[in-house]
Amino acid sequence: MAINDLWNERFHRAVLAATANAGGPIYDTDGDVIIGGSYYVLPRIWGAAGGGLNLAPRGDNQCPLFIGQEPSEVNKGIPVRFSNWRSRVRFVPESMNLNIKMDVKATVCVQSTYWWVTAAESHFRTMFVTAGRKPEHGEDSANSFFQIKKIGDNLSGYKIAFCPEDKDCINVGIKVDRSGVRRLVLSSTPFEVVFEKATYTSSKTMSNV
């Protein structure tokens, strides 16, 4: 057996063994297990659902930045990276708390781009996903943890959820604000996605909308 084939066999055995104690692996659009690196988060169904993710301000304030979505399906936006899941498996696991970070070199706000759930002003009555600092060990960072879950049908795809204390999960969906900007929010309707490999770190800083 070739060395590469032997390594692949051992890796997939490790994946299956680890699945008993952790969520199963997340797969990208090539059918490969997501281990590390950058990935575009794209709509599961291509077309009117828009494109990949971006960073955008809200209203007249340039900062902080919010996680949004490109309006055009041809724009893949900014890729993300996953980190900090509790299990010791190498792959990115399904249905386990992890951090998500926009993989961008810099922002106009000179800030980290980890995902956080943030309450908007009372008149919005919406929980937005914003870009924020890197969560530190030992602090209450529950609002920075998300989970990736399979869509329960015959089509391959995932949804992202916010699961406070690992229960009562709330879907991450899309809300179009009054300016027509598409934003990630907590919603009863999930944003159904797939993950496509990105070959570079984006130099894009924010949406132009």
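Cut-offs and rules
- Residues numbered from 1 in each chain as written.
- Predicted model: local features only at pLDDT ≥ 70, side-chain atom pairs only at ≥ 80, totals over all residues.
- Heavy atoms only, no water.
- Helix = DSSP H or I, 4+ residues; strand = E, 2+ residues; numbered from the N terminus.
- Buried < 20%, exposed > 50% of the residue type's maximum accessible area, 1.4 Å probe, protein only.
- Contact = heavy atoms within 4.5 Å.
- Areas by Shrake-Rupley, 256 points an atom, 1.4 Å probe, with all protein chains shown as cover.
- Disulfide = S-S within 2.5 Å.

The name given to the protein in an unreviewed UniProt entry is Kunitz trypsin inhibitor 4-like, with the source organism recorded as Raphanus sativus.

Colleague: Please give an account of the overall build of the protein that cites residues and values.
Modeller: What the protein contains, in helices and strands, is one helix and 12 strands. In the protein, the succession of helices and strands from N to C terminus is α-β-β-β-β-β-β-β-β-β-β-β-β. Looking at the protein as a whole, 49% of its 209 residues qualify as buried. Across the protein, the fraction of contacts at a sequence separation of at least 24, relative to all contacts at a separation of at least 6, is 56%. Counting every atom, the protein has about 11,300 Å² of accessible surface; 50% of that belongs to carbon and sulfur.

Colleague: Account for the state of the cysteines, with residues named and values stated.
Modeller: Applying the stated criterion to the full structure yields two disulfides. Disulfide pairing is shown between cysteine 63 and cysteine 109; the S-S distance is 2.0 Å. Taking the sign of the S-S torsion, -105° for the link of cysteine 63 and cysteine 109, the bridge is left-handed. You can see cysteine 63 sitting in strand β3 (residues 61-69) and its partner cysteine 109 sitting in the loop between β5 (99-102) and β6 (114-119), a full 46 residues away along the chain. Look at cysteine 63 and you get partly exposed, because its relative accessible area is 37%. The disulfide that involves cysteine 163 links it to cysteine 169, with 2.1 Å between the sulfurs.

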